[in-house]
Amino acid sequence: MYGSEMSDLEEALTLRSGDEGSTAFADPRYESINAMFGGWTTAIALRATLEAAENAALPSAITVNFVDRVEPGAKVHTRSRLVGSSRSVEHWLTELLSADGRTLALATVVLSNRRDTDGHTQPSMPEAPDPETLDEFHPPGPQGERSMMRPVTGQPPHGRADTTSTHWVREMTGRPVDHLQLAFLADQFAPRPFFWSEGPRPAATLCMSVYFHATADEVAAVGDDYIFSEATGSRGDNSTSGQHARLWSRSGVLLATTEQLHWYR
C-alpha cells in the first residue's frame, strides 16, 4: 500500500469479516482466460490462513487444489482451521467456498517461526539482461493488464523441444512484494504443453505448491521491483503435465520455488 491509497491487487486480496465469516470478492480485474486467475486464488487462501492464525509465524509452504471454477464477480467464503502444531510449526487447512457451499479450492498451509541457522543455496540465478532492456509482454486475460513480463528465453512458447523458459515479472499496481504477492506471481507462467505444441491448447492448473525460502527482510528488500522466474517442465503425458519453477530477486536471492500439475488436452 502506498500512501493512503490501496493498490488494485491489495484491494482484490482484501478479506471482509461478517456474520458469514470472512469473504473475498472475486475481482474481475484478476480474471484469467477462464475464471479467476489461479495466483489470486492461492494468495486469498494464504491471506485467510494468516488472518486466522493471528500470530507472527511466516508462510513456509502452501499447496492449493483447484477444485472448481471461481467465477469473476462472485463472493467467495473462506474457512480456515488449525490441523496441528508444534513449538515452531503450524499446519492449517483452508477452504474457499461458493455462496451455495461448494468447495472451490482447498489449501494446506505450513506456517513456521523461523530462527537463524546455517544453510546453503544449491542453484544459482541464471544470468539475464536487465528487465528494462527487454520487450514487454502481458499475460492473457484482465489480470495480465496489471502484470508485466519481460521474456528472456522461451517466448513465444510454441514448437520448442525444450520446455525451459525465463522471464522477469512485475506486478504493476505499486504493491510491495510480500508472501501473498510471491504466491500470486508463482502462477505467472505459460502452461508447459504450449511448448511442445504448435499453438495454445486447453489447459488448467490442477494443483500448485509454493515453498517460501526468503527471510522477511529479503522479501521486504524487493520492494515492488521485478522478480526473475525460471520454469522447466518435468513430464507431460496422458493429459497431465508437471512444472518446476524458481523465483529470484534482482540481487540473486532465491525467494521461492513452486511446483504445478496441469491438466491439458
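Residues numbered from 1 in each chain as written. Predicted model: local features only at pLDDT ≥ 70, side-chain atom pairs only at ≥ 80, totals over all residues. Heavy atoms only, no water.

Enquirer: Looking at this structure, how should I read the environment of Glu90?
Expert: With respect to the helices and strands, Glu90 occurs in strand β5 (residues 89-97). As for Glu90 and Ala57, which are separated by 33 residues in sequence, their C-alpha atoms are 8.3 Å apart. Ignoring any residue separated from it by four or fewer positions in sequence, one finds Glu90 in contact with Ala53, Asn55, Leu82, Gly84, Ser85, Val109, Val110 and Leu111. Within polar-contact distance, the side chain of Glu90 engages the side chain of Asn55 at 2.9 Å. (Helix = DSSP H or I, 4+ residues; strand = E, 2+ residues; numbered from the N terminus. Contact = heavy atoms within 4.5 Å. Polar contact = N/O pair within 3.5 Å; in protein donor to acceptor, adjacent residues only side chain to side chain.)

Enquirer: Could you clarify how one ought to interpret the packing of aromatic side chains in this entry?
Expert: Within the structure shown, the criterion is met by four aromatic pairs. With a centroid separation of 5.0 Å and 75° between ring planes, the pair formed by Phe37 and Phe184 is classed as edge-to-face. Residue Phe37 is found in the loop between β2 (21-25) and α2 (38-53), and its partner Phe184 is found in helix α3 (residues 179-185); the two are separated by 147 residues along the sequence. Taking the relative accessible area as the measure of exposure, Phe37 reaches 3% and is therefore buried. Take Phe184: its relative accessible area is 0%, and that puts it in the buried class. Summarising the aromatic geometry, the rings of Trp196 and Tyr264 are spaced 5.7 Å apart at their centres and angled 75° between planes, so their arrangement reads as edge-to-face. Of this pair, Trp196 sits in the loop between α3 and β9 (203-212) while Tyr264 sits in strand β12 (residues 254-264), and the two are 68 residues apart along the sequence. You can call Trp196 partly exposed: its relative accessible area is 35%. A relative accessible area of 8% means that Tyr264 is categorised as buried. An aromatic cluster is present here, built from Tyr30, Phe37 and Phe184 joined pairwise through their rings. (Phe/Tyr/Trp six-rings, centres within 6.5 Å; stacked < 30°, edge-to-face > 60°. Buried < 20%, exposed > 50% of the residue type's maximum accessible area, 1.4 Å probe, protein only.)

Enquirer: What's the story with the pattern of salt bridges in this structure? I'm lost.
Expert: Opposite charge on two side chains permits pairing when their charged atoms draw close. Inspection of every chain in the model, using the stated rule, returns 19 salt bridges. In this structure, Asp178 and Arg175 form a salt bridge, with 2.8 Å as the shortest nitrogen-oxygen distance. A residue is classified by how much of its surface remains accessible, and Asp178, at 24% relative accessible area, is partly exposed. Exposure remark for Arg175: the relative accessible area of 2% places this residue in the buried category. (Salt bridge = Lys/Arg side-chain N within 4 Å of Asp/Glu carboxyl O.)

Enquirer: Looking at this model, I keep getting lost on the nonpolar core. Mind explaining?
Expert: General note: in soluble globular proteins, nonpolar side chains tend to be found buried as a group. Trp40, Ile62, Leu182 and Ile227 are the most contacted members of the largest nonpolar core, which has 51 residues in total. No other element matches the seven residues that α2 contributes to this core. Excluding its chain neighbours within four sequence positions, the residues that come into contact with Ile62 are Thr42, Ala45, Leu46, Ala107, Thr108, Val109, Met208, Ser209, Val210 and Phe212. (Core = buried A, V, L, I, M, F, W, Y, C linked by side-chain atoms within 4.5 Å.)

Enquirer: Please explain α2 as it appears in this structure.
Expert: Owing to its 3.6 residues per turn, the α-helix aligns residues three or four sequence positions apart on the same side. End to end, α2 covers 23 Å across 16 residues, agreeing with the expected 22 Å (1.5 Å per residue, within 8%). With 13 of its 16 residues buried, α2 lies for the most part within the structure. At the C-terminal side of α2, Glu54 shows a positive phi close to 55°. (Expected span 1.5 Å × (residues − 1).)

Enquirer: Hey, could you run me through a nonpolar patch on the surface in this one?
Expert: Where nonpolar side chains cluster on the molecular surface, the patch consists of Leu206, Leu261 and Trp263 and spans about 240 Å² of accessible area. Looking at the secondary structure, you find Leu206 in strand β9. (Patch = residues over 30% accessible without salt bridge, like charges linked within 9 Å, V, L, I, M, F, W, Y side chains within 5 Å. Areas by Shrake-Rupley, 256 points an atom, 1.4 Å probe, with all protein chains shown as cover.)

Enquirer: Hey, could you run me through unusual backbone geometry in this one?
Expert: Working note: non-glycine residues mostly have negative phi, and peptide bonds are mostly trans. The omega torsion across Gln155 and Pro156 is 0°, close enough to zero to call that bond cis. In this fold, Pro156 is placed in the loop between β7 (147-153) and β8 (165-171). Positive phi, normally seen in glycine, also occurs at Ser239, with a value near 80°. Position of Ser239 relative to the elements: it lies in the loop between β10 (227-237) and β11 (240-249).

Enquirer: Looking at this structure, how should I read the sheet that holds β7?
Expert: Strand pairing in a sheet relies on backbone hydrogen bonds. The paired strands run either parallel or antiparallel. Overall, antiparallel pairing links the 12 strands, which are arranged β1-β2-β4-β5-β6-β3-β9-β12-β11-β10-β8-β7 in an open sheet. Each of the sheet's edge strands pairs with one partner strand only, and the pair in question is β1 (15-18) and β7. Adjacent strand axes in the sheet meet at a mean angle of 25°, parallel and antiparallel pairs treated alike. Of the pairings in the sheet, the one linking β5 to strand β6 (residues 103-112) comprises nine bridges and is antiparallel in character. Counterpart to Glu95 in the pairing with β6 is Leu106. Against the sheet, α2 contacts β1, β2, β3 (58-66), β4 (75-85), β5, β6 and β9, and its axis sits at roughly 125° relative to β5. (Pairing = 2+ DSSP bridges. Axes fitted to C-alpha atoms, helices over the stretch in contact; angles between N-to-C directions.)

Enquirer: Where do I start with the pairing of β12 in this structure?
Expert: Residues in a regular strand point their side chains to alternate faces of the sheet. For β12, the buried fraction is high: eight of the 11 residues fall into the buried class. With nine bridges joining them, β9 and β12 adopt antiparallel strand pairing. If you follow Thr205 over to β12, its bridge partner there is His262. Hairpin remark: β11 followed by β12, antiparallel, with four residues in the connecting loop; positive phi at Gly252, about 90°.

On their own, these measurements won't tell you what the molecule is for.
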